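Listed below are the residues making up each chain.
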Amino acid sequence: MPPKPPRKGGAAATAKGQRASPDRGTSGTSPPPPAARLEFGETDFVALCDILRVSDIVRANAWKTYEKVSSADGTLVGYSEKKKDMWGICIFIAAIDLDDMTFTFTELLKSIGMSVCTCFRLLREMDVNMDTISTKVDSNVSRLNKKYDVLSALYHKFERTCGLIYMVQPSSQTSAELSFPLVLKTSWITFLLAKGKVLQMEDDLVISFQLLLCVLDYFIKLSPPAMLKEPYKSHVSAMSINGSTRAPRRGQNRSTRTSKQTDTDTKVIEVLCKEYGCNLDEVKNVYFTSFIPFLNSVGIVTSNGLPEVEDLSRQYEELYLKNKDIDARLFLDNDETLQRNHIECLQLERTPRKNNPDEELNLILPQTPVRAAMNTIQQLMMILNSASDKPSDNLISYFNNCTVNPKEGILARVENLGNIFKEKFAEAVGQGCAEIGSQRYKLGVRLYYRLMESMLKSEEERLSVHNFSKLLNNNIFHTSLLACAVEVVMATYGRNASQSDGTSTETDLSFPWILNVLDLKAFDFYKVIESFIKAEPSLTREMIKHLERCEHRIMESLAWQSDSSLFDLIKQSKEREGQADQPEPTCTLNLPLQHNHTAADLYLSPVRSPKKKGSTASLNPTPIIDAQPVLAPQTQKPQKSTSLSLFYKKVYRLAYLRLNTLCLRLLFDHPELEHLIWTLFQHTLQNEYELMKDRHLDQIMMCSMYGICKVKNVDLRFKIIVTAYKELTNTNQETFKRVLIREGQYDSIIVFYNLVFMQKLKTNILQYASNRPPTLSPIPHIPRSPYKFSNSPLRVPAGNNIYISPLKSPYKFSEGMLSPTKMTPRSRILVSIGESFGTSEKFQKINQMVGSSDRQLKRSAEVSTAPKPLKRLRFDIEGQDEADGSKHLPGESKFQQKLAEMTSTRTRMQKQKLNDGTDTSATEEK
C-alpha cells in the first residue's frame, strides 16, 4: 500500500493525509491504527502525487509498482538512489493503465527533473528487467516516442532553415518590434497549432515537413524584405512591387486575403521545395487543401505584420492540455527536458568528424531524418518518372491477346480501390489530407502497371506464350500486386525520424494497414512479394528489406489468422490420396531453397509445378493461358498446392533461423538440445498446425524450447526465455504477454503452455525423455537472403585494406543522377569511381596519405634499388583508362592498380544486380 503522510498538527495535513490514503473506510468503520514514522522519501512520494493531482487509486497502484521494482535483485542499476525518478515513472504507468491521466507528460518530466530520452530509456529498462509494462503503456510510450522524434527532427530542421532565410540582425529599415526570435517563435507555434489541427496522425514526418514549408512560405511573405536573405528577399520585393503582399494594419484579419493571393504567389514555395527536395505538387496540395483552411478556421489576427503570438500560444495550450503529451514550445527555450544527451545526438545525426583539427572543414551535410526521408522519396520518383498511371501500349497488347480481355475489369478495379483508399487514408491521417492520399495511390498505380508489364515479359520468356487470360482475369492477383505497389509507396513516405539509424518503426499506416483497406488476405498478399522484388531491379535495399519483413510477418502470424485460406489448403493437402500427410516433406528441409515458381504459379495453384528448362514435354503448360477452366475427371487426385508447399518451406527456414538465434543466446552450454527443440517445433507446425490459429510462430518456438528443457532437466525458465527473446530483432512484447488461450480469452505465454500447448503435446514431449526419442527432423538449409541484394562493404581481391560498396542513399540528387554517400563517421577518404570527385586538392591529399604511409611498397627485381617517389594518382580523361583491371602500365603504382580493380569489381556488382531480376530462373535451375 502507498505510504500515508506523517501526522502533523493542522487540518491541512490531515486533509492531505485523507486524500493520499486509499485505505480509509466509509463513515462508521473503525479508524486505522496510527501510521508508523515514515522516511523522508515517502513523504516526497505523497508530495509528488499532490503536484500531479493524481487520484487515490493511481497512488495505490503506483506504489505497488514501485515496491515490486525496488525489491527486485539487480534491477535498474543506478536508479535505486533516485527514488523520485522511479516514483514519477510508476505514477505515469499507473495513470495510463487506469485511464486516469491528471497531468501532461511534460508536467511529469518537469516535476521529477528528467529528460524525455532518459524517461524512455528508464521505461525500457523496467520492461526488460521486470515485465511491469503493460501492452497499453507500451503503446502509449511508443506513440510519445515517435511524436518526440518527429518534433525534434522538425524543430532542428526548422531552426537551421530559418537561419538561412532570415537576417539574425535586421537592418534599420525593419520595425523595432520585429526581430528574428519573434519570427522564429511565432512561426514555430503556428506550425505546432496547424499540425495539431490538420493531422490526426502526428508521427507522419513527410506531411509534417510539407506543412512546415507551407508555414515558412506564409511567414516569408509576411516579413519585410529587409529581414530576408536571398533569394527570398528578391521574391518578396517583387511581390510587394506588384501589390500582392504586405500593407498590414494592426488588428487586420489576414487569413482570408492571404488565401486569395497564394494562387499566384508560388515563387517562394517553389524555392523552398527545390532547396529541400520536396515535390512541388504535393506541397501545393497540402497548402491549398490543409493549410489555407487551417488559417481561415483559426481567425489569425496580425500585429506588426505577424500573427499575435499570445493568441496562437493560447490555442496551442488548449490542444496540448487536451492531448496530455509533449509541450513542443519548449524547443524554443532549449528546455533540458526535451534535449538529447551528447551520445544520443551523435547517434541521431551521425555527423562526420574531421580527420585532423587543422584540416579544412568539409561542407558535407549529415544525413538528418528529414533529408533521409526526402531522398528516399526522390529515389522512388526516379523509378516512376517514366511510368504512367494508365496501362502502356505493351500492356494493352498483352490484354488484347487474352481470351477474355481484362482491360475494363482492371481499370474499374483500380478506380474502385482508389476511392476506398482515399477515404481510409483521410480517416487515418485527417480529412484535409484526402487528396494527399489520392496522390500516393496514383504513384502506387504507376508502380503497379510497371510491375505487371515486367512480370508478363518474364512469363512470356519463361513459357513462350502470349495469352495470359487466366492470370490477368484473376481478381486476387491484381489486388495483391496493387497492394504491394501501394505498400512500397506508403513505406517510402512513411519513413519517420526513428528510422534514421536503420531501425523500423510502425505508424498507423504501416503494414498490414493496406491489407485491411483493400480487404486482402495476408496469405494471398504473400504470393506476390518475391516476384515483385525480382521484377523491379530498381528497388532500393531499404524497400527490399521492408517487403522481406512484410513476408516474415505474414509467415509469423498474419497468415495464421482464423479466416485465412491457409488452413483450407492444409486440410486439402491432407485429404489427397496416396500422399504423405504433410504440407511439405521434411526430407527437403536440408536442401537449398531453390524454386522456379512465379506469382502466376502461386495464384493459380494448386497446379502441377512448371517444367524446368531442358525437359521434354510440359506436364501442363496451359494453366495461365486459357481463361476457361478445365474440368478434371472425378477420379483424378487433387493436385498439390504450389503456394502451400513454398509457404511451408519458407516458414520452416524462418522458424529455424529464429530458434537458432535464441538457442545461441540461452543454450550455448547445451548445443545438443537445439536439434531436439527444432524437431518438436517442426512437428507442431506440421501436425498440430491448429495451435498456430490466431497465434504467433514465436509462441510455439518458446514453448517448444521450454518443454524440451523441462524434460531434459535443464533449468531454463520462461522469464529467462522472454528476456532473451525481447533482445531479438522485430519482436513485440504482446507476443508473450497476450496469447490466445481459448476464444476471446488471452493470457501470458506461461498460461498458454500449461493450459493449451502441454495438454496437446504432452505425449510427444515426454518421448524426448525416454530411451527411444522421436526421429530428429533435418536442419533446414538457411540461405543468406532469397532476394540477393549485394552486401556491403566488399573487400577487393588481393587488396591492401581496400573495400568497395554499392551506391548508397544520396544526400542530394543533382540533375536526376544518384550521387553516393560521401562520408561516414569511420571513413578517411572515399573515392567514387566513374563520377566527378572534386578538386585537385583532394587528389593531392590522397597522394600525401599514400606517400606518408608506414608500409613500404615492395619493388620488383627489375626496378632500380634506388628509392623512387610514389607516382601521383593519374585520372585520365574518359575512355583512356584500363577500367577492367586486366592491364596495368609498367610504372603504375600499387594504389593505382587497386583503383583499377575497384572499378572492375564495382562494374561487375552493378551488372550482377541488374541481371538478378532477369536470370533468376536460370540460376536456380543449375
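Residues numbered from 1 in each chain as written. Predicted model: local features only at pLDDT ≥ 70, side-chain atom pairs only at ≥ 80, totals over all residues. Heavy atoms only, no water.

Things to note about the overall build of the protein
The test is simple: Only DSSP runs of H or I reaching four residues or more are called helices, and only runs of E reaching two or more are called strands; each is numbered from the N terminus. What makes two residues a contact is simply this: any of their non-hydrogen atoms within 4.5 Å. Note on areas: Shrake-Rupley, 1.4 Å probe, and residue coverage restricted to the protein chains presented here.
Broken down by element type, the protein carries 35 helices and six strands. In the protein, of all internal contacts separated by at least 6 residues, the share reaching a separation of at least 24 is 76%. Surface accessibility of the protein: about 45,400 Å² in total, with carbon and sulfur atoms responsible for 50%.

Some thoughts on the packing of aromatic side chains
The following threshold applies: Side-chain rings of Phe, Tyr and Trp, where Trp is taken by its six-membered ring, are said to pair if the distance between their centres is within 6.5 Å; with planes under 30 degrees apart they count as stacked, over 60 as edge-to-face, and otherwise as tilted. Note on exposure labels: buried denotes an accessible area under 20% of the residue type's maximum, exposed denotes more than 50%, and partly exposed covers the range between, all computed with a 1.4 Å probe on protein chains only.
Across all of its chains, the model carries 46 aromatic pairs by this definition. With a centroid separation of 5.6 Å and an interplanar angle of 75 degrees, the aromatic rings of Phe421 and Trp513 are classed as edge-to-face. Of this pair, Phe421 sits in helix α18 (residues 407–429) while Trp513 sits in helix α22 (residues 513–517), and the two are 92 residues apart along the sequence. Judged by its relative accessible area of 0%, Phe421 is buried.

Things to note about unusual backbone geometry
Of note, the amide linkage connecting Glu230 to Pro231 takes the cis form, showing an omega dihedral of 5 degrees. Counting through the fold element by element, Pro231 comes out in the loop between α9 (205–222) and α10 (232–241). Of note, the amide linkage connecting Phe511 to Pro512 takes the cis form, showing an omega dihedral of 15 degrees. Its location among the elements puts Pro512 in the loop between α21 (475–493) and α22. Look at Asp99: it is not a glycine, yet its phi comes out positive at around 55 degrees. Position of Asp99 among the secondary structure elements: in the loop between α4 (83–97) and α5 (105–112). The backbone phi angle of Asn713 is positive, close to 60 degrees, even though this residue is not glycine. Structurally, the position occupied by Asn713 is in the loop between α29 (697–711) and α30 (718–725). Judged by relative accessible area, Asn713 falls into the exposed class, the value being 72%.

Here we look at the pairing of strand β3 (residues 739–742)
The condition that has to hold: Pairing between strands requires that DSSP locate at least two bridges from one strand to the other.
Where β3 and strand β4 (residues 745–747) come together, three bridges link them in antiparallel fashion. Looking across to β4, one finds that Leu740 is bridged to Tyr746. With antiparallel pairing between neighbouring strands as the criterion, β3 and β4 make up a hairpin whose turn holds two residues, including Gly744 at a positive phi of roughly 80 degrees.

So, the environment of Cys703
Mapped onto the secondary structure, Cys703 falls in helix α29. For Cys703, a relative accessible area of 0% gives the class buried. As a C-alpha pair, Cys703 and Leu680 span 23 residues in sequence and 9.7 Å in three-dimensional space. Here Cys703 is in contact with Phe718, Ile749, Phe752, Tyr753 and Phe757, once residues within four sequence places are set aside.

Details of the side chain of Thr492
Heads up, the rule is: Within 3.5 Å is the distance limit for a polar contact, defined as a pair of N or O atoms, with the added protein rule that one can donate a hydrogen and the other accept it, and that residues adjacent in sequence qualify only through two side-chain atoms.
Along the chain, Thr492 turns up in helix α21. Here Thr492 falls in the buried class, since its relative accessible area comes to 1%. Of the polar contacts made by the side chain of Thr492, one reaches the backbone oxygen of Val488; its length is 2.7 Å. Once residues within four sequence positions are removed from consideration, Thr492 is found in contact with Thr376, Ile377, Leu380 and Met543.

Structural notes on the confidence of the model for the protein
Here is the rule: Looking at any residue, its pLDDT shows the predictor's confidence there, from 0 to 100.
Mean pLDDT over the protein stands at 75; residues scoring 70 or higher make up 63%. The element-level mean pLDDT for the protein is lowest in helix α1 (residues 11–20), coming to 37, with α29 highest at 96. Considering only residues more than four positions removed or in separate chains, one finds that residues 607–636, a stretch of pLDDT under 50, has 42 contacts.

Overview of the packing of helix α28 (residues 673–687) against helix α32 (residues 749–767)
Keep this limit in mind: Only the stretch in contact is used when fitting a helix axis, every axis being a line fitted to C-alpha atoms; angles between N-to-C directions are given from 0 to 180 degrees. Roughly parallel means an angle under 35 degrees; roughly antiparallel means over 145; roughly perpendicular covers 65 to 115; every other angle is labelled oblique. Should the near helix be turned anticlockwise from the far one by less than a right angle, the crossing is left-handed, and should it be turned clockwise, the crossing is right-handed.
With their axes 12 Å apart at the nearest point, α28 and α32 run at an angle of 120 degrees to one another. One way to sum up the angle between α28 and α32 is to call them oblique. Judged by the twist between their axes, the crossing of α28 over α32 is right-handed. Between α28, through Leu680, His683 and Thr684, and α32, the contact on the second element is made entirely by Phe757, Leu761, Asn764 and Ile765.

Section: helix α12 (residues 267–276)
To be explicit about the condition: By construction, the arc corresponds to the directions joining the helix axis to the C-beta atoms.
Among all positions of α12, only Val268, Ile269, Leu272, Cys273 and Tyr276 are buried. Considered in projection along α12, the buried side chains sweep an arc of 130 degrees and stay on one side of the axis.

Regarding the environment of Ala522
With respect to the helices, strands and loops of the structure, Ala522 is situated in helix α23 (residues 522–535). With relative accessibility at 9%, the residue Ala522 sits in the buried group. Each C-alpha atom of the pair Ala522 and Gln561 lies 8.9 Å from the other, and the pair is 39 residues apart in sequence. Excluding anything up to four places from it in sequence, Ala522 contacts Leu515, Ile554, Leu558 and Ala559.

Brief notes about the pattern of salt bridges
Pairing is possible between side chains of opposite charge, provided their charged atoms come close. In plain terms, the rule: Only one rule defines a salt bridge in this text: a Lys or Arg side-chain nitrogen within 4 Å of an Asp or Glu carboxyl oxygen.
Applying the stated criterion to the full structure yields 27 salt bridges. With a shortest N-O distance of 3.2 Å, Glu107 and Arg53 are connected by a salt bridge. Within this pair, whereas Glu107 is found in helix α5, its partner Arg53 is found in the loop between α2 (40–51) and α3 (56–70), the two being separated by 54 residues in sequence. Taking relative accessible area as the criterion, Glu107 reaches 29% and is therefore assigned partly exposed. Residue Glu727 is joined to Arg665 by a salt bridge in which the shortest nitrogen-to-oxygen separation is 2.9 Å. Separated by 62 residues along the polypeptide, Glu727 in the loop between α30 and α31 (734–737) and Arg665 in helix α27 (residues 642–666) bring together distant segments of the chain. Taking the relative accessible area as the measure of exposure, Arg665 reaches 37% and is therefore partly exposed.

Examining the packing of α21 against helix α24 (residues 541–556)
Convention followed: Following the grouping adopted for this structure description, the nonpolar residues are Ala, Val, Leu, Ile, Met, Phe, Trp, Tyr, Cys and Pro, the charged ones are Asp, Glu, Lys and Arg, and the polar ones are all others, Gly among them.
Between α21 and α24, the least distance of the axes is 11 Å, while the angle of their chain directions is 120 degrees. The angle between α21 and α24 places the two elements in the oblique class. Relative to α24, the crossing made by α21 is right-handed. On the side of α21, the interface is formed by Cys484, Glu487, Val488, Ala491 and Thr492, while α24 contributes Met543, His546, Leu547 and Cys550. Tallied by class, residues from the contact of α21 with α24 come to six nonpolar, two polar and one charged.

Points about the environment of Ile720
Assignment of secondary structure puts Ile720 in helix α30. Between the C-alpha atoms of Ile720 and Leu666, which are 54 residues apart in sequence, the distance is 8.2 Å.

Concerning the state of the cysteines
Let me state the cut-off plainly: A pair of sulfur atoms, both from cysteines and within 2.5 Å, is called a disulfide here.
Scanning the entire structure with this criterion turns up zero disulfides. No disulfide involves Cys663; its nearest neighbouring cysteine sulfur is the one of Cys709, lying 7.7 Å away. By relative accessible area, which is 4% here, Cys663 ends up buried.

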